[in-house]
Amino acid sequence: MKDLRAKITATIKGAEVSNTLFKEVSLHQHEEVLAKINTKFLTTRKYSDSIWWWTVYKDTNSYSIHFQKGNAFDVLSELLPSNKEHWFVASEENGKYWLYESNVESIQWLIGNMHTFEYYILDKKYEWILCENHHDILIGVGQKSRINLALMNLRTVTMQKSKKHIN
């Protein structure tokens, strides 16, 4: 999606979402945070060397779930703590990354009110990264595997619900 930053800004302003709930990170801090993400999670020399970060994760011990209806954002509140701010990275198709700080509820609201785009959510200690890619796959990678465990539990519950509908 081109002009993703402008579309995010318009969506937030259109709904009069508070800048304290969803705020764009300053340009100086933006570069610093993306460089840390690259060092911690990616195999590239610079974060902008790959359009799709999920293809160049250092840690191959990821866990993923495919959401056929493209609604992975609906489960974010089940995976992430609601009382914390996270880094939210919106990925534009031309390799630009837009960085924000927000809580999980505001992130879900934004994604639900826009056309699809790839995004990444990270905790501010850089212990895990979560991505929903353009294939509607939610991918979790993390040193402490908190996200992976949550995804495994969610997948188990989802599979059990599906089996009940089939039987």
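Each remark here, short or long, concerns the structure printed above.
All of these numbers come straight from a predicted model, not from anything done at the bench. (Residues numbered from 1 in each chain as written. Predicted model: local features only at pLDDT ≥ 70, side-chain atom pairs only at ≥ 80, totals over all residues. Heavy atoms only, no water.)

## Focus: the packing of aromatic side chains
Next up, step 1: By the definition in use, this model includes 9 aromatic pairs.
Next up, step 2: With centroids separated by 6.4 Å and ring planes inclined at 50°, the aromatic side chains of F88 and Y100 adopt a geometry described as tilted. One end of the pair, F88, is in strand β3 (residues 86-91); the other, Y100, is in strand β4 (residues 97-102), with 12 residues separating them in the sequence. Taken individually, F88 and Y100 each receive the classification buried, so the pair is uniform in this respect. (Phe/Tyr/Trp six-rings, centres within 6.5 Å; stacked < 30°, edge-to-face > 60°. Helix = DSSP H or I, 4+ residues; strand = E, 2+ residues; numbered from the N terminus. Buried < 20%, exposed > 50% of the residue type's maximum accessible area, 1.4 Å probe, protein only.)

## Considerations on the environment of N133
Next up, step 1: Mapped onto the elements, N133 comes out in the loop between β6 (128-132) and β7 (137-142).
Next up, step 2: Along the primary structure N133 and T116 are separated by 17 residues, whereas in three dimensions their C-alpha atoms are 9.3 Å apart.
Next up, step 3: Residues within four places of N133 in sequence aside, it is in contact with W54, E118 and I139. (Contact = heavy atoms within 4.5 Å.)

## Focus: the sheet that holds strand β1 (residues 22-24)
Next up, step 1: In spatial order, the strands read β1-β4-β3-β5-β6-β7-β2; together these 7 strands make up an open sheet with antiparallel pairing. Edge strands, defined here as strands with exactly one partner in the open sheet, are β1 and β2 (63-66). Across the sheet, the axes of successive neighbouring strands diverge by a mean angle of 20°, strand direction being ignored.
Next up, step 2: Relative to β7, β6 runs antiparallel, the two being bridged by 5 bridges. Each bridged residue has a counterpart across the sheet, and for L130 the counterpart in β7 is G140. (Pairing = 2+ DSSP bridges. Axes fitted to C-alpha atoms, helices over the stretch in contact; angles between N-to-C directions.)

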